[in-house]
Amino acid sequence: VTMVAGVACSDEGGINGGEDKSVFDIKIYEITAVGADVEIAPIDYEGGYYFDALNEESYNYFKIAGFQKFIDNEVSKRMVTYNISKSEALESMLSYSNDGFTFMTLYPDTKYYVVAMGVDEEGMLSTDVIVKSFNTNNVEQSKNTFDITIGEISYNGAAFEVKPSVARDKYFVDVWNKAIV
């Protein structure tokens, strides 16, 4: 059975209100402010499938435009980026058994939707689009304080030392001209 673009899906479950939630099991864990681990397990499905995490704007767009357009876009991107054929693009992007991915470039305090869908050898949707949403965590404010010591001052600079109270936290140090401050 091949599905066509323009089929709606709910925010949790599958196309048309989640009639076929049994196609893929989606697990989302180790959620941080900028990442999450995702595992997909096909259930009684042996074909190829694709999964991704979409922000709310992208998810809502493809809910209306159809997830066939999403697959077509993903295939086209790979064909152009890697100068490969459609069949090579599909081969590089589809999974055929349990698979997972660690998303590491997400935005803090943002809603995402993991979508998983069967895709046949022609690049057409072959299952419901299964969806599971999650929110990334908010960024925790650092409790870091700084001890700044200024040493010798010259006409073109100054020696200084910065000692953070929490060494593992990242921080940025810069020196600005008084006129800028």
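To be clear, the structure that these remarks concern was listed above.
Below you will find a few notes about this structure.

Quick notes on the rules
Residues numbered from 1 in each chain as written. Predicted model: local features only at pLDDT ≥ 70, side-chain atom pairs only at ≥ 80, totals over all residues. Heavy atoms only, no water. Helix = DSSP H or I, 4+ residues; strand = E, 2+ residues; numbered from the N terminus. Patch = residues over 30% accessible without salt bridge, like charges linked within 9 Å, V, L, I, M, F, W, Y side chains within 5 Å. Areas by Shrake-Rupley, 256 points an atom, 1.4 Å probe, with all protein chains shown as cover. Salt bridge = Lys/Arg side-chain N within 4 Å of Asp/Glu carboxyl O. Buried < 20%, exposed > 50% of the residue type's maximum accessible area, 1.4 Å probe, protein only. Polar contact = N/O pair within 3.5 Å; in protein donor to acceptor, adjacent residues only side chain to side chain. Contact = heavy atoms within 4.5 Å.

Focus: unusual backbone geometry
Now for step 1: The phi dihedral of Glu30 falls on the positive side, at around 50°, and the residue is not glycine.
Now for step 2: Inspection of the secondary structure assignment puts Glu30 in the loop between β1 (24-29) and β2 (36-42).
Now for step 3: With phi around 50°, Asp109 is a residue other than glycine that occupies positive phi space.
Now for step 4: Within the element layout of this structure, Asp109 appears in the loop between β4 (99-103) and β5 (111-119).

Here we look at a nonpolar patch on the surface
Now for step 1: Residues Phe146, Ile148, Ile150, Ile153, Phe160, Tyr171, Val173 and Val175 make up a contiguous nonpolar surface patch of about 810 Å² in total accessible area.
Now for step 2: Tracing the sequence through the fold places Phe160 in strand β8 (residues 157-164).
Now for step 3: By relative accessible area, which is 42% here, Phe160 ends up partly exposed.

A word on the side chain of Ser95
Now for step 1: Mapped onto the fold, Ser95 is located in the loop between α4 (86-93) and β4.
Now for step 2: Taking the relative accessible area as the measure of exposure, Ser95 reaches 8% and is therefore buried.
Now for step 3: A distance of 2.5 Å separates a polar atom in the side chain of Ser95 from a polar atom in the side chain of Asp99.
Now for step 4: When near neighbours in sequence (up to four residues on either side) are disregarded, Ser95 contacts Gly47, Gly48, Tyr49 and Phe51.

None of the figures reported here should be taken as evidence of function without further support.
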